[in-house]
Each structure stands twice: as structure tokens, then as C-alpha cells.
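Structural description and commentary
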Amino acid sequence: MDLKVNVYVWGDLSPEERRKLLSRSEEDIARVEEAVRPVVEAVRTEGDAALLRFTRQFDGVVLSPDRLRVTEEEFKAAEEALPEEIRESLDYVIENVERFHRTQVPEPSPMVEVRPGVMAGERATPVPSCGLYVPRGRGSFPSMVYMLAVPARLAGVPRVVMVTPPEKDGSVNPACLYAARRCGVHEVYRVGGAQAIAALAYGTESIAPVSMITGPGSAYVTAAKRLVAHVVHTGLPAGPSESVILADESADPWKVALDLLVEAEHGADSAALLVTPSRELAGQVEAHLLSCIPRLPSPRREFVQAVFSGYGGIILVDSIEEGAEVVNEWAPEHLQLRTSDLFATLKLIRNAGEILLGEHLPFSLANYATGPNAVLPTGRKAKVFSPVSVRDFLKFSSVIHVSEEGLAELGPHVVRLAEYEGFPAHAAAIVHRDTPGSYSPRG
Ligand SMILES: NC(=O)c1ccc[n+]([C@@H]2O[C@H](COP(=O)([O-])OP(=O)(O)OC[C@H]3O[C@@H](n4cnc5c(N)ncnc54)[C@H](O)[C@@H]3O)[C@@H](O)[C@H]2O)c1
Ligand SMILES: N[C@H](CO)Cc1c[nH]c[nH+]1
Ligand SMILES: [Zn+2]
């Protein structure tokens, strides 16, 4: 594979070249959709038998139905096996994530008087159940366990289920089990990929279906979530990781290069871009990248190499303002600003999952430890979706009380509008309210 860093001049790109740059791994996801459709369908119709068959096929692990769910003994063994320092660091970062997410728990909404006698408010209640997808393929992700479980628990979801692919020996990653238990998740199944998403959506003999699924994953997982979205709420699209750094000549090229490598190492389908008006910075960052990439161990080296000659690279723009417009169109999952006036640049940004300010904040810090959620929308969906939060696990019911006075106040307007819309029964429910037996709706 070529060791190269793509360099584009935004102003010189054709509409087709821009479209390709903007779409990044979307095309991979669309392609695998057809491959995972039969997997989803088989789990829907055959249940556990298909789930076990695909776990053998894609994860190379042979399981029996009674081995799907993680047992109490396994939780205990995982905790004992996990090095003390890892437990300590997990406890520390989980507390940060709890501190931040606690601020998202909504206060009870007060009833407001909309008109005399008409009181209205909102009541938040948790979703009945949720399935958390924790990836395990090109890395293990205990960090994703707490990023998903902390907000689910703070929202008060009664049934929280976690699914994650098994290790080659059939066990579940011990740090994931430790984090799950630490965050109050006890129902864990060792299944992953499209088959796990289908099991959560349709249910199998061993796994009861859930009302919503959330969590990041590979193209297979993202495609499967699309296929079951008519059955179960699938939350934000959190596919292959992607990052952009918007920088001017004040940025330190070494730190920019280090930070570009962060999200690029997730996989060949990731994207990492520097957007800058500075030719000098671009050249220096390119040189640092070319010297660092060969020094990464395999398979990260191959992933990063594929990213910088694939969906990633450097985009040269005329100004920070033009760069901000490119960022807003690209709508990155992770964005870093590295300009001389961070807060002025911040004002230009509208679409990004997270916006990291300044040179002391590599993407990795926010991936694990700053408090805000690291499960973020990808594939340009930061235009319309937000990071995972407590709000994802809640829904709001309107609560309304109307007195006799309120009915008299609103009634005439509603009768007029209902008759205008052609709904006589709607109008009659008001007009004939106090005259039992009389019913002569006007058509
Ligand atoms: N957007 C976010 O917030 C966010 C957060 C963390 C991670 N991520 C991304 O999540 C992804 C995690 O991917 P991963 O691969 O490590 O784990 P994964 O669990 O998503 O995928 C691995 C599973 O895919 C299935 N699979 C593998 N090959 C298959 C095939 N040929 N056909 C059908 N199914 C197959 C297997 O069942 C396997 O268990 C990465 O792309 C990472 O960048 C995103
Ligand atoms: N970068 C990922 C979100 O795109 C989060 C993560 C966890 N561990 C490493 N990275
Ligand atoms: Zn990451």
C-alpha cells in the first residue's frame, strides 16, 4: 500500500470529488447493507440457532444457548483478573462521565398557564428497555460501556442490556464486564455484529427484545441498525470514527500530526482530515505523518496508511472562514480547533459532534475522560444528531389539565377550527358536552 497523504485544494475540487470526500465510509455501509440483510432476517426467523451460527461464522466462537448470557461468576472473575490500575482508571473516568451527565437529568417541568384554566407541562419517563452495543473487533471498548451505561442508568431505564462480541476463547473482555457492573448493567450477552442487533430488535429464545438500541459499531453494525430501524428505535448513527482539525498557522504541526493519527487508527474506513489555509502548516504536518505512520505497529499502521490515502488527508482552503464552511458541510464526529482565536472560530462552527478547543486536548482525552459523551454521530449526521446523552433514554409526555373555565375559553376556537377541517365529531365533543343524548354534528 502507498505511503501517502492526500492533499486537496478545496477550491479546485469538482462537485464529484467533493461529494466523495464528504461521503467517506457511507458507501461502505451502503455496500454491506445487502450482506447483512440475510443475517438480520435469519435471526428474526430462526432466533438463537441463527445467532449461534453467525457467532461461529463471524467471530469464530462456538457457543451453546446457555452460554450466551454472562454469568455472575464471570463478572466476579473478570473483576479479579483486571489489573488494579485499570480498575482505578475506570473508576476515575466513570466518575467524570457521571459528573457531566448528571447535569442532563431534567428537572420536573412546571405546569404553565397557557390561558385561564388551561395548564400544560411535560413529564419525562425513561424508555422501558435499551440495548447497548459495545464493539469488539479492531479494539476493545470498555470506554464505550460507561459512555452508554452511565446516561442510561441516570435516565432510570428499568432494563439495560449490553451485547458485545466474544473474545476468541468465548469470554467477554474483563474491563467491559467490570465497567458494566460498575455502571449497574447486569444483563450482558456475548454476541456482536449484525446478528446481535437483530437479536435485540426481534428477540430470540434467550434474549428478550428491547425498545431502543444504541451504541457505536462497524459498517456491519451500522447497516444492521438501519435494517431494523422500523422495528426498534436505533438512536444516533455512530459508525466508523472520523475527525477534523481546523487549524491556522499558529498551530504546532507536531501536535496536529499526533492528533490526526488518533481517530485514524480505528480502521481503514475511518477518516482524519486537516483543514487549513496555511500551506506551511500543511507541509509540516504531512512530513510528520509520513515519518510517524511507518512507526505504528500493525495493523494500526495499515489502517492509518489507508485512511490518509483514502477518506482522510489535508484540505487547503483560502481562509479559516472557508475552512469553517467545509467543516460545516463535512459535519465531523470529532472536531478540534487550533487557531489563534479559538472562540472567534468557534462562532463559525454549526455542525460537529464535539468541538475541542486548544492544543492541550487531543481527541483521546475526550474519547475517555473529559466527561461529555464520546459516542457521537458520524457520516455527516452531526448536522441533525447530538452526542449520546441522558435525553436519548427519556421521552417526554405532555401533561394537560383544563378546568371548566378553560373549556369555555378554548372551546369556541376549537369548534370553528374542527368544523373548518371537516371533523364534526371533534366539534361535537365540545358543543354537546353538557347535553347528554343530544348529538347533531354539523357536516
Ligand atoms: N461513532 C462513535 O461514537 C464510535 C465510538 C467508538 C467506536 N466507533 C467505531 O466503531 C467501530 C467498531 O468496529 P469493530 O470492528 O471494532 O467492532 P464491531 O463490534 O462493530 O464489529 C465486529 C463484529 O462485526 C461482525 N463481522 C465481522 N466481519 C463480518 C463480516 N464479514 N460479515 C458480517 N459481520 C461481520 C462480527 O460479528 C464482529 O463481532 C469502528 O469503526 C470505530 O471507529 C465509533
Ligand atoms: N474515537 C471513538 C469514537 O469515535 C471513541 C474511542 C473509544 N476508545 C477509543 N476511541
Ligand atoms: Zn477513538
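As the structure is a computational prediction, the values presented were derived from the model and not from experiment.

**Topic: the sheet that holds strand β11 (residues 334-338)**
- Read across the sheet, six strands follow the order β1-β10-β9-β8-β11-β12 without closing on themselves; strand pairing throughout is parallel. Two strands in the sheet have a free side with no partner beyond their single neighbour: β1 (7-9) and β12 (354-357). Strand-to-strand twist in this sheet, taken as the mean axis angle between neighbours without regard to direction, amounts to 20°.
- Judged from the four bridges that link them, strand β9 (residues 271-276) and strand β10 (residues 313-316) form a sheet pairing that is parallel. By the bridge assignment for β10, T276 is matched with L316.
- Relative to the sheet, helix α10 (residues 253-264) contacts β8 (242-247), β9 and β11, its axis offset from that of β8 by approximately 160°.
- Against the sheet, helix α13 (residues 320-330) makes contact with β8, β9, β10 and β11, and its axis sits at roughly 165° relative to β8, the strand it touches most.

**Some words on the UniProt feature "active site" (unreviewed entry) in the protein**
- UniProt tags E333 and H334 as "active site" (unreviewed entry).
- The residue E333 is located in the loop between α13 and β11 in this model.
- The buried category is assigned to E333, around which 29 C-beta atoms lie within 10 Å.
- Not counting residues up to four positions away in its chain, the partners in contact with E333 are S241, E242, S243, G353, L376, P377, T378 and A382.
- Inspection of the secondary structure puts H334 in strand β11.
- Excluding its chain neighbours within four sequence positions, the residues that come into contact with H334 are E242, S243, E263, G353, E354, F363 and L376.

**A few points about the sheet that holds strand β13 (residues 394-402)**
- Reading across from one edge, β2-β3-β13 is the order of the three strands in this open sheet, with antiparallel pairing throughout. Strands at the two margins of the open sheet, each flanked by one partner only, are β2 (112-115) and β13. The mean angle between the axes of side-by-side strands here comes to 35°, regardless of whether they run parallel or antiparallel.
- Two strands pair when backbone bridges link them, and β2 and strand β3 (residues 118-126) are joined in this way by three bridges, in the antiparallel orientation. The partner of V112 across the bridge, within β3, is A120.

**Digging into the site of ligand 1**
- Close contacts around ligand 1 come from 29 residues, with G137, P165, G193, P216 and G217 the closest.
- Broken down by secondary-structure element, the contributors of at least two residues to the shell around ligand 1 are α2 (26-46), α3 (48-59), α8 (193-202) and α9 (219-227).
- Counting contributing residues, the shell around ligand 1 receives three or more from each of domain 1 (7-25 + 240-371) and domain 2 (29-236).

**What to know about unusual backbone geometry**
- Looking along the chain, the bond that leaves S298 and enters P299 is cis, with omega of 5°.
- Note on placement: P299 falls in the loop between α11 (279-292) and α12 (300-308).
- Unlike most non-glycine residues, A331 shows phi in positive territory, near 50°.
- Summarising the element assignment, A331 is placed in the loop between α13 and β11.

**Description of the packing of α2 against α8**
- The contact between α2 and α8 brings their axes to 8 Å, and the two run at 40°. As the angle between them shows, α2 and α8 are arranged oblique. Like other packed secondary-structure pairs, α2 and α8 cross with a definite hand, here right-handed. Taken together, the residues of α8 that come into contact with α2 (itself represented by V36, V39, V40, V43 and R44) are A194, Q195, A198, A199 and Y202.
- By residue class, the composition of the contact of α2 with α8 is eight nonpolar, one polar and one charged.

Cut-off values and rules
- Residues numbered from 1 in each chain as written.
- Chains lettered and ligands numbered in written order.
- Predicted model: local features only at pLDDT ≥ 70, side-chain atom pairs only at ≥ 80, totals over all residues.
- Pairing = 2+ DSSP bridges.
- Helix = DSSP H or I, 4+ residues; strand = E, 2+ residues; numbered from the N terminus.
- Axes fitted to C-alpha atoms, helices over the stretch in contact; angles between N-to-C directions.
- Contact = placed C-beta atoms within 7 Å.
- UniProt positions renumbered as here; feature names shortened; annotations may be inferred.
- Buried ≥ 20, exposed ≤ 12 C-beta atoms within 10 Å, placed from the backbone.
- Near = placed C-beta within 6 Å.
- Domains from an automatic or database assignment.
- Parallel < 35°, antiparallel > 145°, perpendicular 65-115°, else oblique.
- Left-handed = near helix turned anticlockwise from the far one by under 90°.
- Nonpolar A, V, L, I, M, F, W, Y, C, P; charged D, E, K, R; others polar.

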